[in-house]
Structure formats: structure tokens, C-alpha cells
Amino acid sequence: MKFRDVIGHQVLKQHLIESTLNGRVSHAQLFLGPLGNGGLALALAYAQFVNCTNQQGNDSCGQCAACLKAAKMIHPDIHYTYPTVGAKAKSTDFAAAWRKAILENPYLNGFEWLQQIEAENRQGNMTAEECESIIHKLSFKPFEGKYKVLIIWLPEYLSKEGNRLLKLIEEPPASTLFILVAHRAEKILTTIRSRTQLLNVPRYPDEVIQETVETRFGWSADKAKQVAILAEGNYNRALAIVNGQQQVDIALFIRWMHSLLGQQIPQNVLLNEEIATIGREAQKNFLKYTLYFLRQSLNKSLFPDKVLGLTSQELALATQLAEGLGIEQYEKMASLLEDAIYHVERNANPKILFLHLSVQLMEVRAYVRSR
Ligand SMILES: [Zn+2]
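Residues numbered from 1 in each chain as written. Predicted model: local features only at pLDDT ≥ 70, side-chain atom pairs only at ≥ 80, totals over all residues. Heavy atoms only, no water.

Asker: In this structure, what is going on with the overall build of the chain? I would like to understand it.
Answerer: Tallying secondary structure elements over the chain gives 17 helices and 5 strands in all. When each of the 371 residues of the chain is scored for burial, the buried share is 51%. Long-range pairs, those at least 24 residues apart, make up 75% of the contacts in the chain with a sequence separation of at least 6. A total accessible area of about 17800 Å² is found for the chain, and carbon and sulfur atoms account for 52% of it. With 40 positive and 37 negative side-chain charges, the chain shows a separation of 4 Å between the mean positions of the two kinds. (Helix = DSSP H or I, 4+ residues; strand = E, 2+ residues; numbered from the N terminus. Buried < 20%, exposed > 50% of the residue type's maximum accessible area, 1.4 Å probe, protein only. Contact = heavy atoms within 4.5 Å. Areas by Shrake-Rupley, 256 points an atom, 1.4 Å probe, with all protein chains shown as cover. Lys, Arg positive; Asp, Glu negative; His and termini not counted. Charge placed at Lys NZ, Arg CZ, Asp CG, Glu CD.)

What follows is the structure, given as C-alpha cells:
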């Protein structure tokens, strides 16, 4: 893929492009950052760029033979190592599934990948055989490209077998580039980690996710913003929301909020029962959205002129909520919501949980009114 196809990360892209054009490619780099940060997508674009025979100042050309092969993940000098299952498995045993999965979604996470190769309950790993295969593959000069590239996706899965690679990473053959793409530094063998140059690939800002959802999927600004809030910087999660329709039911949210603000206990009880049926993931999103709404409402009371990311219906509710509420009450409500998210994740009974939460939220409001 080209750099322009990777969302966000303009500064990092420019750094990778310029260092390549200036002939300063570090031979072992670690792209590190949280899940859904686009680290693998960046690595794919980088591998294509270094081997492009018609590099542009700001991207690979996308047209040359090298680019076309890289884009299909069949360039003979670009290799991939990723977690697999089976005692003596090698990555190439899963090459077809790998290409399919990554061409479909380069923001995929390790759990989803292992599910695709039907790992079920088996742990993914990178075997001694895979390490030997890497040593073998990298012992040749590049066939066609300028660089022989090995992308190691999730080196967290390299157990002590990975130490077989130390010498290779430390003193690689000429024109060899290792790109390690990881999410958890502490899970990588220190011997390997210490031999790489770190490149931090941070979480995506909400604006980048919102803009991407708007432009790539044609979603309205309001809905795209909601996706960005729920995705929390993880673009893979945003894709799951877009594809799986894991949106928050705003109509339900508004009715629930009205029942709280109006202290309408019977309606609130019915709504809690309805929420109890929507599934855990949706309940979590519902609570996260309430938390976001609460913060926007606080913003509204602190900075009345500030433009908010809320629809007019929500804005009216936010204004009502903000009435007479101090920062202390906001904090109390926010911590109640965070507790509720924690308990949803731990399989609490949703009917009881939402009832309990509603009562406590009403109490915070009632306290304000009684003063
Ligand atoms: Zn090219």
C-alpha cells in the first residue's frame, strides 16, 4: 500500500520518506504503539516505499513493478513473520490466509488474525522453525528490490527461540531491513528490543478517525464523531463499529436521559430493562457515550459559547443536565459511569446494574435540587 492509503500519521510518514531518500534507513526498527494505531499499515507502506523504483518526494509511485507486487503482498524481497499455530508451523504455511486477511484489513489485531486461522483456544506462537526460515530467507541478496525487508508482526509472540535471530538483527547482511510492529514493549524479548530503533506510533486522534469515517464511508459528521468517541483512537475498532453497526441508539439514550432528569421512575425502570437486552458491547458503548455526553454538558456550562459536537436535541438535554450542576457532581457522575463500565465488562447483571446506576445518578441530581 502507499503511504497515502494509511490514515493519519503525517509526521511519521514524512520522517520515513525523508530518511529513506537521504539514505539513512536504520536496519532494525520497532514500530510501537497501542492497538489499532496503524503500525502494520505503516510498515507495509514503508516496505513498498524503500523498494519502489520510482520514489516520489512524498510517496511510492504505486505504478512500478515493485509497487504492484508490494501492493499484492507478493514482492519476492518483502517477507512477513506473524503468529501461527502448530508446534513446527512457519508463517509461509499460512501465507494465503495472511495475504487475504491483511489486504482486507491492515489494521487487524492479533486476536482476530488467530481466529481467522482457527486457532480457537490454542496460543499463537513464532516457532524455532520460523526463526530458521527467516535466517535462510535473509541469507540471500535482494532478488529484485533495493532492500530485503522482513516485517515481524507482533514480536511479542517470539519466545526465547527468538534469540536465534539476534546475530542477524545485530549484523544483518547489506540492504536488509527489519520492521517489528508491536503493541506491548514489555512482552518483547529484551535482547531483541534493545537491538532495534524505536519509532513510536501513537493512537489516532479522534479527529483523524472522524474524518476518515466521513470520507471513506460517507457517514454524517455526527455519526462519524460518535464512532471516533467509541473507538478511542483504535481505527480497527472504528472499522468494527462501522461494519458491525455497533452504534449507540441515540433515541434510546435520549429517552433514558429524560427519565433520569425528570425523575420518572416507572419509565426509567422500563428503559433499563430495554437496555439490558442490547448486549454487553452495546451497553458499554451506551455508557461511554453517556460519559462523553456528560463531559460535553460540563463544557457547555463552563464555556457556554463553545461549539459542541452534539445535535440540537442532545444540546437541549445537555443544557438541562448542566443546570445547577457543579464540577463536584460531574465528577461523581463520571465515576459512577466508569464503575458501571467496569462492571459491564465483568459480566454484572445488566438490569440491576442500570437500575442501580440510574438511582445513583438521580440522587446526585436530587442533591443539587434540594439545595
Ligand atoms: Zn513504485
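Asker: How should a nonpolar patch on the surface be read in this particular structure?
Answerer: Residues Ile-265, Val-269, Leu-355 and Val-359 make up a contiguous nonpolar surface patch of about 290 Å² in total accessible area. Counting residues per element, the ones that place at least two in the nonpolar patch are α13 (265-275) and α17 (350-370). (Patch = residues over 30% accessible without salt bridge, like charges linked within 9 Å, V, L, I, M, F, W, Y side chains within 5 Å. Salt bridge = Lys/Arg side-chain N within 4 Å of Asp/Glu carboxyl O.)

Asker: Sorry, what's going on with the pattern of salt bridges here?
Answerer: Scanning the entire structure with this criterion turns up 12 salt bridges. Measuring nitrogen to oxygen at the nearest pair gives 2.9 Å for the salt bridge that ties Asp-206 to Arg-203. Here Glu-345 ties to Arg-346 by a salt bridge, and the two come within 3.5 Å at their closest N and O atoms. Bridged by salt links that share partners, the residues Glu-132, Glu-161 and Arg-164 form one connected network.

Asker: I keep staring at the nonpolar core and nothing clicks. Help me out?
Answerer: The nonpolar side chains of a soluble globular protein tend to be buried with one another. If you look at the biggest cluster of nonpolar residues, it comprises 96 residues, and the most contacted ones within it are Phe-31, Trp-113, Ile-151 and Trp-256. The biggest single contributor to this core is helix α2 (residues 39-51), with 10 residues. If near-sequence neighbours (up to four positions away) are discounted, Trp-256 is found in contact with Asn-268, Leu-271, Asn-272, Ile-275, Phe-286, Thr-290, Phe-354, Leu-357, Ser-358 and Leu-361. (Core = buried A, V, L, I, M, F, W, Y, C linked by side-chain atoms within 4.5 Å.)

Asker: Explain the coordination of the zinc ion to me, please; I cannot follow it from the model alone.
Answerer: Note on metal geometry: ideal angles are 109.5 degrees for four donors arranged tetrahedrally and 90 or 180 degrees for six donors arranged octahedrally. Surrounding the zinc ion are the protein donor atoms Cys-52 (SG), Cys-61 (SG), Cys-64 (SG) and Cys-67 (SG), which sit 2.3 to 2.4 Å from the metal. Counting residues between consecutive donors of the zinc ion along the chain gives the motif C-x8-C-x2-C-x2-C. With Cys-52 in the loop between α2 and α3 (65-71) and Cys-64 in the loop between α2 and α3, this pair connects stretches of sequence that are 12 residues apart. The exposure class of Cys-52 is buried, given its relative accessible area of 0%. With relative accessibility at 11%, the residue Cys-64 sits in the buried group. (Donors = N, O, S within 2.8 Å, 3.2 Å for Na, K, Ca; no water.)

Asker: What is the right way to look at helix α1 (residues 10-21) in this model?
Answerer: Taking 1.5 Å per residue, 12 residues should reach 16 Å; α1 reaches 16 Å between its end C-alpha atoms and fits that length. The complete set of buried residues in α1 reads Leu-12, Lys-13, Leu-16, Ile-17, Ser-19 and Thr-20. Its buried side turned inward, α1 meets β1 (28-32), α2 and β5 (197-200). Where α1 terminates, the next one or two residues include Gly-23, which has phi positive at roughly 70 degrees. (Expected span 1.5 Å × (residues − 1).)

Asker: Quick question: what am I supposed to make of the pairing of strand β4 (residues 176-182) here?
Answerer: The side chains of a regular strand alternate between the sheet's two faces. Where burial is concerned, most of β4 is hidden: 7 out of the 7 residues are buried. In β4, alternate side chains face the same way, and those of Thr-176, Phe-178, Leu-180 and Ala-182 on one face and Leu-177, Ile-179 and Val-181 on the other are all buried. Bridging between β1 and β4 involves 5 bridges; their strand directions are parallel. By the bridge assignment, Leu-32 is partnered in β4 with Ala-182. Of the pairings in the sheet, the one linking strand β3 (residues 148-153) to β4 comprises 6 bridges and is parallel in character. Along β4, the bridge assignment pairs Leu-150 with Phe-178. (Pairing = 2+ DSSP bridges.)

Asker: Where do I start with the packing of helix α12 (residues 250-261) against helix α15 (residues 312-322) in this structure?
Answerer: Each packed pair of helices is defined by two parameters, the angle between the axes and the distance between the axes. Running from amino to carboxyl end, α12 crosses α15 at an angle of 25 degrees, the nearest separation of the two axes being 11 Å. Comparing their axes, α15 and α12 come out roughly parallel. Like other packed secondary-structure pairs, α12 and α15 cross with a definite hand, here left-handed. Along the contact surface, α12 presents Ile-250, Ile-254, Met-257, His-258 and Leu-261, while α15 presents Gln-313, Glu-314, Leu-317, Gln-320 and Leu-321. Taken together, the residues of the contact of α12 with α15 sort by class into 6 nonpolar, 3 polar and 1 charged. (Axes fitted to C-alpha atoms, helices over the stretch in contact; angles between N-to-C directions. Parallel < 35°, antiparallel > 145°, perpendicular 65-115°, else oblique. Left-handed = near helix turned anticlockwise from the far one by under 90°. Nonpolar A, V, L, I, M, F, W, Y, C, P; charged D, E, K, R; others polar.)

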